[in-house]
Structures are given as C-alpha cells and as structure tokens.
Amino acid sequence: MAKDVLALNIGSSTLTLASFSVDKNVTLEDYATVPLNVEPGDDNRSAYVLTALEEARDQIGAGNGPIHIAVPSKNVLARYIKLPAVTDKKKMDAMVRFEASEIIPFPIDEVVWDYQTLGEKGIDDDETLILAIKQDQIKDLTDDLSANGLDTLTVDVAPLALFNNFNHNYAGMDGCTLVLDIGAASTDLIFIEDGKFFTRSVGVAGNVISQQIARELDLDFMTAEALKQEKAYVSMPDYEESEDPEAKIASKCSRSVMTKLHGEINRAINLYKGQQSGSAPERILLTGGSSLLPQLDEFLSGKLGVEVEHLHTFAEIEIGNGLDEDDVVGDAVHLGEVIGLALRQTGKTPVNINLMPQELIETREGKKRQGWFIGALALLLAALALWTLFSKVAGDKRTGFAKTLDGEVNQRNVYNKSIKAKLAELEEINKRIEAITPANDRRDLWVRLLAGVSSEVPKTKGAWLHEISPITGPMPEKVVETEGEPAAAAAPTGLPGFPGGFPGANMGGPQGVLKVRVTGLAYTDIVQETRDLSTLIGNLVKAKDPKTGVLLFEPKPENARSPNPPRDSATRSFAVDLVLANPIPIETAPLVPTN
C-alpha cells in the first residue's frame, strides 16, 4: 500500500514543497516552488519561510501529516575524519562522540549532530562524516512545522539529499562525477566516486551576481535580482552580445562571478584529489536555481574541459498523472533535494543522516507507544460494549415483555459477571504494561552511561579510555539499620563476559551491575604524575546522565591504580572501579509471564 509523504527543501531564496506516494516506486504527485522574497541578511527570515510554506501548501492542497525536510549546507558544520575500522556499532558511536566533542566548536549539548560512515564498514580505516547544527535553529523550525500540523520525520542536509537522488537515478555510473548545486547564497560541490562522496560549500552563487548588478546600476537588491533573472547570461567571446545596455552589464557581472566560481571549483578539485585521494571529475551535473543562467554550461565546459549538463532527477522516478511532464522537467533544478528526501521513505538510501533533536525523536516514539496502548484499551472496551449490547438485545428477544422481576435480576447478574471478567482481563493487561515499562525505560541506559563517561574524558588531555566493563553482584536490599549494627552489603562478584552466564542462579537473589571498571592509557609526556590521573578519576565520578542530569556514580571510586611504566614507555595504564549510584538490575526471567 502506497504511503503519502511530504518533502520540503528550504533554500536561501526559494522553498520547494512536494508530495509523493511511495510503495515499490516513488511517484511525484504534486509540487510547488515559491520564492521567499527575502534579501540576504534579513533577520526575519523565518517569517518569510512560514509565509512561503503556507502558499505552497495551498497550491498543492497539502494537509497535515509527516514531512521530511532539508536545510542548506551553509547552516551546517561538516567535518571528515578517519577512524579505526570497527564493526561494533556501539564502539563506533562512542568513538565518533568523542571525536565530535573535540571538533565541534560549541558545547555538545547545544548542537544536534549525526555521522555517516562512508564506504564499506570494517575495511581499513573508516572515512566518517560528522555533521552538526545549532539545536535552537532546528528546534525553532520543527516547532513552527508542528504548529502548522506537520510532523517532522527527518532533518537532512541538501547536498546529502542530492547524493541519495544521484545514487538512485545514476546507479552504476563509473568514474568521478561532480554535482554542482548553484543556489542563491552558496554553491555546493558534491564529488561522487565509487559509492563515496565528498562535499564542499563555497559562498560564490546567484546572490553575488545580483549584488554586483545592484552596484553597477545603482539598484536595490530585489530589483537587481529581477533584472538578473530577466536579462543576465554568461557572456562568451565567440557569441554576439546583446544590444540592451542593462543586459550587457548583467552578462559581464555574471561572467565575472562565474569566473570566481571556476577558481573555487579548481581549488575544490585539488583538495578532493589531495585529501581524499580522489580523481578529477569526468563530468559535471548542474542543478539549483542559478544553474539556469544561459550559457553557463558552455562556459564551465570550456574552462574545465569536461562534459557539463543538468542533473536528470527523474530517470527512476515516476510522475503523477496530474502533472505535465514538460513542466516538471523545466522545474527539475528545484526538485533534486525533495526527491532525495522522498527516497528516504523507501528505507534503501545509502546516506541516512538525521539532525532531528533527540528530545523530539523520543517524544514521537513515546506518542507511538501511548497510541498503541490506548488503541488496545479502546478495542477492549469496544468489544465489551458490543458484547453487552448483543447480550441485552438477545435477552430482550428471548424474554420479551413477559420477563418477571426475577428474570431481570438474573439478567443483570449475568452482565455483572461479564463486566467483572473483562475488568480482570484489563487488570492483567495493566500488569503486563507495568512489567514492560521499567525495562523499556532502561533500554538506552548503557548508551547514556557511555555518553556521560565519554564527556568527562576530554577534560584531561593526553588520556583516553580503551575498555569499560561491568562488575556484577547481588542487588543491594533496602534494609533498616539498627543502632550500632550497620546492614551488611553483599560483595560484588566479577563475572566473565556480560552479563556472565545466567546471574541469579544459586547466587543469593537478583543480580545486577554494581560498578563499572574503567581502564585506559595516558601519554607519559603529558600525564606525568599520579595526581594528574587522580584529576581524571575525579572528573569521571562527576559524570552525569545526559538525559536526566543525575550523577551516574558514587563520589568515592574504588581500586584506583596506575602502575609506574617502564622508563622508555610512551604511555602508562590506569584503572578504576566506579560505583554506580543506582545499580542496574539484570533481567534473566521473561518480563511478562507466558501461559
């Protein structure tokens, strides 16, 4: 069954909203591209975006529902790093989080970040792309969408949506391809080769042409922008120039800016070849509103010596019956990103970055669970009501008006017995929900513990962790201490592996994780004395649960040790047992008993 989904690309000067139906194929059902009519640097940009979004929804008749969105790359910090190849996702997440805290120039809790491993996992070093954006920017946008009845599923970045589009429509293309997305405020360069990609954004784009025309002709920006769209082209030596004075100036401004863009492209190619060991592009595919500048393709082809054409975004995308194919092809430069977003709905895209704040993801998941429980209860109550109604109708037919008072009483007793039985069933369902809920709340506890510990390590330079292992034992009981006789605490038991066979069998009651053993290394030329490691340990016990802000460990660690290293050793080891403030129970029995 096809699923309907909306896709929204918010550019610097235009907004594109499209509706798709997605099943085995992706079909473009309708779309609208609306100019924002906002000048560069206008602080009230969000108001223009909401106005344009309302107009776009009116044009295509889009109602409320789920939506994928793409934001401009100029708002997003992107960094490429190399990490040791690992196949364990938890280890990879921990390594990337540590690297992200080092390279993102903002407090990690003030940004939304995600990462994408490029190429085949576990082969040599993993090339990894880390993306981050200020949390308040995304939160303001998703809150505005929610207030207008749109439930955000994905926050993608425009060049990555274009990569997913290319991967779908140009599957199997050999050699290096450069997708050049020339917008209003910036130009995105996306190098694609052997299934990998490398992106770079430069500030040479359509607005620069408009600003130069405005200076030359003493016009305001919006008037110069309109003149550019009406008369500008890239002047070429072998082509006859226009006799219109304004067109001549606009064309010379366009050539000047595109010459600067050519220089930026050459610099990006050299960077790609040097840092990424990539190849020179064999072809260039143009997209974005400013790529429609007449004679631009011939200008770039002559300068770079490669074939230049526009990105074909519909090779493997179907067009709905209500759309004119010629109109859609003419607007293709505005549809590349929204098609890449719609492909996310298939679950088969190679890049799946999502810059949705974790708080919003958890809220949406909670609503799903709540809806399931409410739906189950509603079905039960509906069944009870139907059963009661059926019983009453049947009883009325059977007894008629001749039923005596005793018969009425007997009938009501039947109802009462049935209601009690249904209430017992409902109580059993509540017990099952109560059994499942605590374990559900603990499902991300280890992720939060690792995140809390990792956030404290960078505070001690020259030190890093290489293993965090659980120490298990009987869960402490809540007992009342008598004066002079403190309650005896059970000694923790170190079990091999985790959770160590089947804890709880013949081990004196429920088992749990009481401590975590943290081991690591430090450079001897930076961390020269034991007190430096004491500082690290002191930081570790201050680690907080990033979700609740509660301290994870007791203030006094145990078994801290750091043997003196050999004289010529570059590193020294250290280890410490951190006592959990709230021991973690290990479930060994089914959460819900089976009959």
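Our subject in this report is the structure included herewith. Per chain, residues are indexed from 1 in the order of the written sequence. Confidence filtering applies because this is a predicted model: local features only for residues at pLDDT of at least 70, side-chain atom pairs given and counted only at 80 or more, and all residues used for totals across whole chains, interfaces and linings. Each side-chain value is derived from all of the structure's non-hydrogen atoms; neither hydrogens nor water enter the calculation.

**With respect to the overall build of the chain**
Then comes step 1: Segments assigned H or I by DSSP are reported as helices when at least four residues long, segments assigned E as strands when at least two residues long, and all are numbered from the N terminus. When its secondary structure is counted, the chain shows 14 helices and 18 strands.
Then comes step 2: Under the scheme applied here, a residue whose accessible area is under 20% of the maximum for its type counts as buried, over 50% as exposed, and between as partly exposed, the area being computed with a 1.4 Å probe on protein chains only. Counting across all 595 residues of the chain, residues that qualify as buried make up 42%.
Then comes step 3: Pairs at least 24 apart in sequence give 67% of the contacts found in the chain among residues at least 6 apart.
Then comes step 4: To measure how exposed things are, a 1.4 Å probe is used in the Shrake-Rupley method; for residues, cover is taken only from the protein chains shown. Of the roughly 32,200 Å² of accessible surface on the chain, 51% is carried by carbon and sulfur atoms. When checking whether two residues touch, look at their non-hydrogen atoms; a contact exists if any pair is within 4.5 Å.

**Comments concerning helix H13 (residues 445-456)**
Then comes step 1: Over its 12 residues, H13 extends 17 Å from the first C-alpha to the last, a length consistent with the 16 Å expected when each residue adds 1.5 Å.
Then comes step 2: Considered for burial, the residues of H13 that qualify are Leu-445, Arg-448, Leu-449, Ala-451, Gly-452, Val-453, Ser-454 and Glu-456. Here a helix's expected span is defined as the number of its residues, less one, multiplied by 1.5 Å.

**Brief notes about unusual backbone geometry**
Then comes step 1: Of note in the backbone geometry, Asp-194 takes a positive phi value of approximately 55° without being a glycine.
Then comes step 2: Residue Asp-194 is classed as exposed on the basis of its relative accessible area, which comes to 71%.
Then comes step 3: In this model, Asp-218 sits at a positive phi of 55°, which is unusual for a non-glycine residue.
Then comes step 4: Along the polypeptide, Asp-218 turns up in the loop between helix H5 (206-217) and helix H6 (221-231).

**Focus: the pattern of salt bridges**
Then comes step 1: Each reported salt bridge corresponds to a side-chain nitrogen of Lys or Arg within 4 Å of a carboxyl oxygen of Asp or Glu. A complete count under the given rule lists 14 salt bridges for this structure.
Then comes step 2: Residue Asp-93 pairs with Lys-89 through a salt bridge whose shortest N-O separation is 3.0 Å. Of this pair, Asp-93 and Lys-89 both sit in helix H2 (residues 89-103), four residues apart, which is roughly one turn of that helix.
Then comes step 3: Residue classification places Asp-93 among the partly exposed residues on the basis of a relative accessible area of 26%.

**Concerning the sheet that holds strand E3 (residues 26-35)**
Strand pairing in a sheet takes place through backbone hydrogen bonds and is either antiparallel or parallel in direction.
Then comes step 1: Spatially, the six strands line up as an open sheet ordered E8-E4-E1-E2-E3-E14, and their pairing is mixed. Edge positions in the sheet fall to strand E8 (150-157) and strand E14 (318-319), since each has one partner strand and no second.
Then comes step 2: For two strands to be treated as a pair, DSSP must find at least two bridges joining them. As paired elements, strand E1 (residues 3-10) and strand E2 (residues 14-22) share eight bridges and run antiparallel to each other. Paired with Ile-10 across the strands is Leu-15, a residue of E2.

**Considering the packing of helix H7 (residues 245-275) against helix H8 (residues 296-304)**
Then comes step 1: At their nearest, the axes of H7 and H8 sit 11 Å apart, and the two run at 45° to each other. On the basis of their axis angle, the class for H7 and H8 is oblique. For H7 against H8, the interelement crossing comes out right-handed. Contacts between H7 and H8 pair Arg-255, Met-258, Thr-259, His-262, Ile-265 and Asn-266 from the former with Leu-296, Phe-299, Leu-300, Lys-303 and Leu-304 from the latter.
Then comes step 2: Residues that form the contact of H7 with H8 fall into these classes: six nonpolar, three polar and two charged. Axes here mean lines fitted to C-alpha atoms, for a helix over just the part in contact, with angles spanning 0 to 180 degrees between N-to-C directions. Relative orientations are named as follows: roughly parallel for angles under 35 degrees, roughly antiparallel for angles over 145 degrees, roughly perpendicular for angles from 65 to 115 degrees, and oblique for any other angle. When the near helix sits turned anticlockwise from the far one by under a right angle, the crossing is termed left-handed; a clockwise turn instead gives a right-handed crossing. Residues are sorted three ways: Asp, Glu, Lys and Arg are charged, Ala, Val, Leu, Ile, Met, Phe, Trp, Tyr, Cys and Pro are nonpolar, and all the rest, Gly among them, are polar.

**A closer look at the sheet that holds strand E17 (residues 558-561)**
Then comes step 1: Read across the open sheet, the four strands follow the order E15-E16-E18-E17; overall the sheet is antiparallel. The sheet is open, and its two edges are formed by strand E15 (463-474) and E17, each paired on a single side. The sheet shows a mean angle of 20° between the axes of neighbouring strands, direction not considered.
Then comes step 2: Sheet analysis places strand E16 (residues 511-523) next to strand E18 (residues 571-585), joined by 11 bridges and oriented antiparallel. The partner of Arg-517 across the bridge, within E18, is Asp-577.
Then comes step 3: On the sheet, H13 packs against E15, E16 and E18 and is oriented at approximately 140° with respect to E15.

**Notes on the pairing of E16**
Then comes step 1: Taken across its 13 residues, E16 has 10 buried, putting it largely inside the fold.
Then comes step 2: Across 11 bridges, E15 lies against E16 in antiparallel orientation. Counterpart to Ser-469 in the pairing with E16 is Arg-517.

**Thoughts on the packing of H5 against H6**
Then comes step 1: Two elements in contact, H5 and H6, have axes separated by 8 Å at closest approach and are oriented at 110°. Taken as axis vectors, H5 and H6 run roughly perpendicular relative to one another. Contacts between H5 and H6 involve Gly-206, Asn-207, Ile-209, Ser-210, Gln-211, Ile-213, Ala-214 and Leu-217 on the former and, on the latter, Phe-221, Ala-224, Glu-225, Leu-227 and Lys-228.
Then comes step 2: Of the residues contributing to the contact of H5 with H6, the split by class is seven nonpolar, four polar and two charged.

**Some remarks on the packing of aromatic side chains**
Then comes step 1: Two aromatic rings from Phe, Tyr or Trp, using only the six-membered ring of Trp, form a pair when their centres are within 6.5 Å; if the ring planes differ by under 30 degrees the pair is stacked, by over 60 it is edge-to-face, and anything between is tilted. For the coordinates displayed, the defined rule picks out seven aromatic pairs.
Then comes step 2: Here the aromatic rings of Phe-166 and Tyr-170 are separated by 4.9 Å at their centres, their planes lie at 10°, and the arrangement is stacked.
Then comes step 3: Taking the relative accessible area as the measure of exposure, Tyr-170 reaches 11% and is therefore buried.
Then comes step 4: Pairing Phe-191 with Tyr-272 gives two aromatic rings, centres 4.6 Å apart and planes at 15°, and the pair type is stacked. Of this pair, Phe-191 sits in strand E10 (residues 187-193) while Tyr-272 sits in helix H7, and the two are 81 residues apart along the sequence. In terms of burial, Phe-191 and Tyr-272 fall into one category: buried.
Then comes step 5: One aromatic cluster is present, formed by Tyr-80, Phe-191, Phe-198 and Tyr-272 through successive ring pairs.
Then comes step 6: Any Lys NZ or Arg CZ that is within 6 Å of a ring centre and within 35 degrees of that ring's normal is treated as a charge sitting over the ring. A cation over a ring is seen here: Lys-134 above Phe-106, with NZ or CZ 4.7 Å from the ring centre.

**Some remarks on a negative patch on the surface**
Then comes step 1: Together, Glu-39, Asp-42, Asp-43 and Asp-220 make up a region of like negative charge exposed at the surface.
Then comes step 2: Relative to the elements of secondary structure, Asp-42 occurs in the loop between E3 and helix H1 (45-60).
Then comes step 3: Its relative accessible area of 30% is what places Asp-42 among the partly exposed residues. Each patch is built from salt-bridge-free residues with over 30% relative accessible area, joining like charges within 9 Å and nonpolar side chains (Val, Leu, Ile, Met, Phe, Trp, Tyr) within 5 Å. When charges are counted, Lys and Arg contribute as positive and Asp and Glu as negative, whereas His and the chain ends are disregarded. To locate a charge, take atom NZ for lysine, CZ for arginine, CG for aspartate or CD for glutamate.

**With respect to helix H4 (residues 158-169)**
Then comes step 1: A rise of 1.5 Å per residue sets the reference length of H4, with its 12 residues, at 16 Å; its end C-alpha atoms lie 17 Å apart and thus fit the reference within 8%.
Then comes step 2: Of all 12 residues in H4, 10 are buried; the element is thus mostly enclosed.
Then comes step 3: Looking at H4, one finds that the buried residues are Ala-158, Pro-159, Leu-160, Ala-161, Leu-162, Phe-163, Asn-164, Asn-165, Phe-166 and Asn-169.

**As for the environment of Leu-6**
Then comes step 1: Structurally, Leu-6 can be placed in strand E1.
Then comes step 2: By relative accessible area, Leu-6 is classed as buried at 10%.

**Here's the deal with the environment of Ala-522**
Then comes step 1: You can see Ala-522 is positioned in strand E16.
Then comes step 2: In this structure, the C-alpha to C-alpha distance between Ala-522 and Phe-574, residues 52 residues apart in sequence, is 7.9 Å.
Then comes step 3: Apart from the residues lying within four places of it in its own chain, the contact partners of Ala-522 are Gly-462, Ala-463, Trp-464, Val-527, Leu-533, Ala-570, Thr-571, Arg-572 and Phe-574.

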